[in-house]
Amino acid sequence: MEKTEVLHEGRWLRMLKRGRWEYAERTNPGGAVIVVAVTDADCVLFVEQWREAIRSMTIEMPAGLVGDLAGNGHESAIEAAQRELLEETGYRAAQVEYLMEGPSSSGMSNEIIAFARARGLEREHAGGGDGTENIVVHEVPRAQAPRWLVAKMREGYSIDPKLFAGLYFLDHGETLFR
């Protein structure tokens, strides 16, 4: 087995080299989670925020790191999904269900992202994220969501392709994972 060399150690990422491969490793224990959430009015929840890594405004589903808060090292993806949904959108879910997980960018990082489906949403506050975030919440009718995302892309927003996977899970997740 080839030796792994640490190129840089940061708070959330470690840069490594093994053989000819250079890649990023998440230093938090649980990866990340994306929350696929639909209101009782059949609106999909999206969040808009600035992402410094790509220097762009993005449209995403509520999401966040698992186990990134002090004392939460053993947090599950479901617990993180509940926490991030409430923090970013102001909605609390009566039920959060694990759908699947996989690599975010298998050629560049070891990060694993889980998808979770949130149901029974109830609004508790306006959302917007924590003190370090400036998140705008969008409630988009489910039937219009794909076209809305494409329109936002044409306006210059960065649209994560995983959003379309999340929309697919809304239509097919019930039978796909059973």
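Below or above, wherever it landed, is the structure these notes cover.

Each value, and the rule that gives it
- Residues numbered from 1 in each chain as written.
- Predicted model: local features only at pLDDT ≥ 70, side-chain atom pairs only at ≥ 80, totals over all residues.
- Heavy atoms only, no water.
- Core = buried A, V, L, I, M, F, W, Y, C linked by side-chain atoms within 4.5 Å.
- Buried < 20%, exposed > 50% of the residue type's maximum accessible area, 1.4 Å probe, protein only.
- Helix = DSSP H or I, 4+ residues; strand = E, 2+ residues; numbered from the N terminus.
- Contact = heavy atoms within 4.5 Å.
- Pairing = 2+ DSSP bridges.
- Axes fitted to C-alpha atoms, helices over the stretch in contact; angles between N-to-C directions.
- Polar contact = N/O pair within 3.5 Å; in protein donor to acceptor, adjacent residues only side chain to side chain.

A few points about the nonpolar core
V44, F46, I59, M61, L149, L163 and L167 are the most contacted members of the largest nonpolar core, which totals 22 residues. Where this core is concerned, the elements lending two or more residues are strand 4 (32-37), strand 5 (43-51), strand 7 (63-65), strand 9 (112-123), helix 2 (145-154) and helix 3 (162-176). Counting residues per element, this core draws most heavily on helix 3, which supplies four residues. Among residues more than four places away in sequence, those in contact with I59 are F46, V47, E48, H138, W148, L149, K152, Y157, S158, I159, D160 and L163.

So, unusual backbone geometry
The backbone of D42 sits at a positive phi, close to 65°, despite the residue not being glycine. The phi angle at R55 is positive, at roughly 50°, despite the residue not being glycine. Assignment of secondary structure puts R55 in the loop between strand 5 and strand 6 (56-60). Classification of R55 as exposed rests on a relative accessible area of 57%.

Observations concerning the sheet that holds strand 8 (residues 91-103)
Pairing in this open sheet of four strands is mixed, and the strands run 7-4-9-8 from one edge to the other. Every other strand in the sheet has two partners, leaving strand 7 and strand 8 as the edge strands with one partner each. Strand after strand, the sheet turns through a mean of 25° between neighbouring axes, direction not considered. Sheet analysis places strand 4 next to strand 9, joined by six bridges and oriented parallel. When the bridges of strand 9 are listed, A37 appears paired with A118.

Examining the side chain of T89
Topologically, T89 is positioned in helix 1 (residues 77-89). Residue T89 is classed as buried on the basis of its relative accessible area of 0%. Only 2.5 Å separates the side chain of T89 from the backbone oxygen of L85, close enough to count as a polar contact. What T89 contacts, discounting residues up to four positions off in sequence, is L45, V47, P62, E84, R123, H125, A126, G127 and V137.

Remember, this is a structural readout, not a statement about activity or role.
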